[in-house]
Amino acid sequence: MPTIVEAFRARAEEARSVVHELATWSGVATLALVLADADGRIALSPSLARAQPVLSERLGARVLLPDPGDPARSVADAAVGIVRGELAVAETGSVLLVEPELADRVVSMLSLTLIQVVARERLVENLDAVATTLAAGGPPAYASLTTGPSRTADIERSLTIGVQGPSEVHVVLLG
Amino acid sequence: MTDREPPPTPHAIAPFAVRYRAALADPNVRDGLLDFQRSWKATRDEQIASVEAITGRSFDALRGELAEIKDGVLADLDGHLARFRARAEAAGTIVVEVATAADANAYIADLCRQRGITLAVKGKSMVSEEIGLNAALEAAGIEAVETDLGEWILQLAGEHPSHLVMPAIHKRRGQVAELLTRVVGRHFDPDDIPAMVRSVRTELRERFLTAGLGLTGANALVAETGTVMLVTNEGNGRMSSSLPAVHVVTVGAEKTVPTLADAIRQVRLLARSATGQRITTYTTFISGPTPGHELHIVVIDNGRRAIARESAVESALRCIRCGACANVCPAYQVVGGHAFGHVYTGPIGLVTTAYHHGLEAAAGPQSLCVSCGACATVCPVDIPLPAQILDVRRQIAVRGGGLAWAKRAALRAFASRRLVDIAALAAAIVTWPVQSGVFTRIPRRLAPRHLGWRTPPRVSWRPAHARPALHAAQPPIAVTGATGRRVALFLQCVADRLAPEIPIAAARLLRAAGAEVVVPEGQHCCGLPAFDAGERDGARRMARATIAALDGHDDVVTPAPSCVVAMLHEYETLFADEPEWRDRAAQLRGRVHDLVGYLSTTARLPRGALAQAVAGGGGAEARVTVHRFCQGSNLLGAGDRLERLITDLCAIELAPLAETEVCCGFGGSTSLTAPEVSHGILTRKLDNVVASGARVLVTDNPGCVLHLRGGVDASGLRVRVVHVAEFLAARIPIG
């Protein structure tokens, strides 16, 4: 039997995500710097920037925070975005993003490359846990179960990665 | 059906005949869809196997569970909607229930007017197509831009979707490149699909950032939490629902599910059935507006409660719009969704169109359905589509102006065995000069051109029931479970006159297995042709005569499994309101067997009993392959029974036939009313036969035999087509 991490990794990779196991937020910052071009901006979801100040410290001037006046336009096509995931699901290789605030959502929506960070202990076996988690905190204001980069098969059923959403997704299992 | 006739489709869809001709004239449609159906089936089957492994439950158990959830909602739709509304409103959502398409459009247009909105970005929504939302907004001076790639391509081309999930599947890459080159104004290479895909991002980005309205559909409304569930792959759904300050969801009332756990159950089957994915890229749950934004949910009836009131079709409301039914439909492959359907395409569209857009809109494509039953085998909510399609045909026959007089007259005449015998004799006399072997060879200059693809069979001078060979002695070759049993042979009207050798061979086989074969007097047609045409009264007359003729026989066997399907499935529907005949039909169900089923069980001959080489006819060394009668696979659960019987009794190896369970295209009346579809499906079958390398093609339904034989002859292929009864009877040892 594969371990739950192995199962998650296999499914996520099938969906074209890249899976990393990292120990610290500092490691996440390093990953973002590697993935961004030399001068690429790194967008942080505001809730994550508040919770993990170490990210802004490590990324310095490269950090891009959504402008409350026009959050979407301000982070559109950021080289890299970093958001926190609520759950990782081994059954499908998915990550659950809980994003009631538009300012958080635009980062996961519009960045070219997206890093989703999930605490290792929040890795669950199957989708049933998603229903439980979503129902637990009252009705989910805005949550998305995301599985890999955005894609389409609308032309001749030919799978093509990268449409309106991120074209590259990295999932970090943290801790 | 409906209390009021629904309004005509609010946007322009050409008449069926025009759409049908256009589809046939475009080889891109059938070529593209053939590749699509084959690759979809392979990935879908793999994904269904995976969900069976994950859950430890069969597909039938999983879809049964989902069907039960949906049925529970439909039993109290208003109650579930009220719960949904209460929760959603508590979160600040505005929920509006509307009766008609016009009401929905008016609400959205008014909202735009009040908010000063002139630009809308739009995620894919079949309901918006159903109500003609884009046209209504345009009329109100509001530009609605489709943001799903497939929908965007179609909007640029001025077309509507041909598939529920893959709207532009009828277009090939060259056509898309040409379109984008013209509209976007720079060159696109047909083989650079990623560049075409990127164009939708660059072209639409500014629209997303400036639009005042975001429109989406919904895959489910969750009653317990007031949540909209939305499933997408491209990310345009998340953007349409987040970026504009006003988000409007258009959704059918039937999309309601009780709980989030139920929504997740739907997710497990939806993407697998739709695109062959384990899950789509984005499954989004929205309860209430984003702070500072507005969320309106327009819940549309537009004929749905009328469906719910009809017991014959109510389960069509379980539909989760995956499109799987179209993806296995052999007729859909030939003509695509613009001809096969209306706004809603594929088999489900043949049913629901009658309620959303009226009987007239539903009538045209009915004849394209070959009744093969493949759609029902893949439906993730187990909708009995073949029976529902037949019910809509019944409504069209009764209320939609009825059948053409010629068809009605033909069906009426067919009900009389005496008239059919006279007509057959007349046909035999007229065609005598051009009869040759098993065919009628009409000179090319006399044959209607569009029928030249299939050589018609010879009409026999003497039907099987009048031939001594049907009653000739045949010594048993082994002791079987049928030894000493009296078996009533049901000849089938078609085989009786057009292929008398089939019932004669069946009788020999049954006698070789030790049975005493009798041919009940008064048997004629089981009623299937009339039933298929929606002529229920005629079908009932023939069914009653058949039941009466077969009374008193414990074992009824026929070489025509199509008649068994009628007796096992359709008689119950026919006699729903006649308890006496319903009981007699139920008794018959327990006694009737198709020949292959009977030879595989009761009349099982010992292994290798027919292992002899045959003199003449093909030779034992010829490669043999098997076409499974589609309804046998799809409705009777026959599986590989036919192959097992042949390999076991004859001790030969069969060449595998790709897509063996896919219909051959005979499809009863389809080959007469839509010969091009029949021909297209036949071509797919014969291409597979050629690829198998076989020189002998065995199948188990007389209709398929005549159709395939005629097709093989007209194509000049060197393949012998035989009914399994003939194939096996030729191997009975002599003396």
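Note that the coordinates shown come from a computational prediction; the quantities given were computed from them, not determined experimentally. (Residues numbered from 1 in each chain as written. Chains lettered and ligands numbered in written order. Predicted model: local features only at pLDDT ≥ 70, side-chain atom pairs only at ≥ 80, totals over all residues. Heavy atoms only, no water.)

J.: Please clarify how the sheet that holds strand β1 (residues 94-98) of chain B should be interpreted in this entry.
T.: Picture the strands of a sheet paired through backbone hydrogen bonds; they go either parallel or antiparallel. Residues and elements named next belong to chain B. Taking strand neighbours across the sheet as the criterion, the 6 strands line up as β1-β10-β7-β4-β2-β3 in an open arrangement whose pairing is parallel. Of all strands in the sheet, those with a lone pairing partner are β1 and β3 (143-146), marking the two edges. Neighbour-to-neighbour, the strand axes of this sheet turn through a mean angle of 20°, independent of strand direction. Bridge analysis of strand β2 (residues 119-122) against strand β4 (residues 213-216) gives 3 bridges, and the strand direction is parallel. What sits directly across from Lys122, in β4, is Leu215. Sheet contacts for helix α4 (residues 77-90): β1 and β10 (294-300); angle to β1, the most-contacted strand, approximately 150°. (Pairing = 2+ DSSP bridges. Helix = DSSP H or I, 4+ residues; strand = E, 2+ residues; numbered from the N terminus. Axes fitted to C-alpha atoms, helices over the stretch in contact; angles between N-to-C directions. Contact = heavy atoms within 4.5 Å.)

J.: Help me out: how do you make sense of the side chain of Asn701(B) in this one?
T.: All names here are of chain B. Within the element layout of this structure, Asn701 appears in the loop between β19 (696-699) and α33 (702-715). Of note is the side chain of Asn701, whose polar atom sits 3.2 Å from the side chain of Ser562. Once residues lying within four places of it in the same chain are set aside, the contact partners of Asn701 are Pro559, Ala560, Pro561, Ser562, Phe629 and His723. (Polar contact = N/O pair within 3.5 Å; in protein donor to acceptor, adjacent residues only side chain to side chain.)

J.: Which parts of the structure should I look at to understand the interface of chain A and chain B?
T.: Accessible area lost on assembly of the parts is the figure often given for the size of an interface. At the interface, 50 residues of chain A touch 64 residues of chain B. Taken over both partners, the interface formed by chain A and chain B buries close to 4700 Å², and the fraction arising from carbon and sulfur atoms is 56%. Here chain A is connected to chain B by 9 salt bridges. Here Asp77(A) and Arg205(B) are joined by a salt bridge, their closest N and O atoms 3.0 Å apart. (Buried area = accessible area lost by both parts, 1.4 Å probe. Salt bridge = Lys/Arg side-chain N within 4 Å of Asp/Glu carboxyl O.)

J.: Would you mind going over the side chain of His163(B) with me for this structure?
T.: Residue and element names in this part refer to chain B. Relative to the assigned elements, His163 resides in the loop between α8 (149-157) and α9 (173-184). In this structure His163 comes out as buried when scored by relative accessible area, which is 1%. Among the polar contacts made by the side chain of His163, one reaches the main-chain amide nitrogen of Val165 at a distance of 2.9 Å. A distance of 3.0 Å separates a polar atom in the side chain of His163 from the backbone nitrogen of Met166. When sequence neighbours within four positions are dropped, the list of residues in contact with His163 reads Phe36, Lys124, Ile169, Cys322, Gly323, Ala326, Asn327, Tyr332 and Thr345. (Buried < 20%, exposed > 50% of the residue type's maximum accessible area, 1.4 Å probe, protein only.)

J.: Any chance you could explain the domain arrangement of chain B here in plain terms?
T.: Taken as a whole, chain B is organised into domain 1 (65-304) and domain 2 (624-729). The centre of domain 1 of chain B, based on its C-alpha atoms, is set 43 Å off from the matching centre of domain 2 of chain B. (Domains from an automatic or database assignment.)

J.: Can you walk me through unusual backbone geometry in this structure?
T.: Negative phi characterises most residues that are not glycine, and trans characterises most peptide bonds. A positive phi angle, near 50°, is found at Glu156(A), a position not held by glycine. In this structure, Glu156(A) sits in the loop between β10 (151-152) and β11 (160-161). Its relative accessible area of 24% is what places Glu156(A) among the partly exposed residues. Phi angles above zero are rare outside glycine, and Gln492(B) is one such case at about 75°. Note that Gln492(B) resides in the loop between β13 (486-489) and α22 (493-498).

J.: I keep staring at the nonpolar core and nothing clicks. Help me out?
T.: Within soluble globular proteins, side chains that are nonpolar tend to cluster in buried spots. Membership of the largest hydrophobic core comes to 114 residues, with the highest contact counts inside it found for Val130(A), Tyr20(B), Leu213(B), Val335(B) and Phe340(B). Per-element accounting of this core gives the leading share, 7 residues, to helix α12 (residues 260-274) of chain B. Residues lining this core come from more than one domain, with at least three contributed by each of domain 1 (65-304) and domain 2 (624-729) of chain B. Beyond its immediate chain neighbours, meaning those up to four positions away, Leu213(B) contacts Ile108(B), Cys112(B), Ile117(B), Leu119(B), Ala120(B), Val121(B), Pro244(B), Val246(B) and Val248(B). Counting 49 residues, the second-largest nonpolar core is a separate cluster that includes Val83(A), Leu114(A), Val169(A) and Val176(B). (Core = buried A, V, L, I, M, F, W, Y, C linked by side-chain atoms within 4.5 Å.)

J.: Looking at this structure, how should I read helix α21 (residues 417-431) of chain B?
T.: Every α-helix carries 3.6 residues per turn, so stepping three or four residues along brings you back to the same face. Residue and element names in this part refer to chain B. Taking 1.5 Å as the rise per residue, α21 with 15 residues should run 21 Å; its terminal C-alpha atoms sit 21 Å apart, in good agreement. By the burial criterion, the buried members of α21 are Val420, Ala424, Ala428 and Thr431. Relative to the axis of α21, the buried residues are bounded by an arc of 80° and lie together on one face. Turned more than 90 degrees away from the buried face of α21 sit Arg418 and Val430, all of them exposed. (Expected span 1.5 Å × (residues − 1). Arc of directions from axis to C-beta.)

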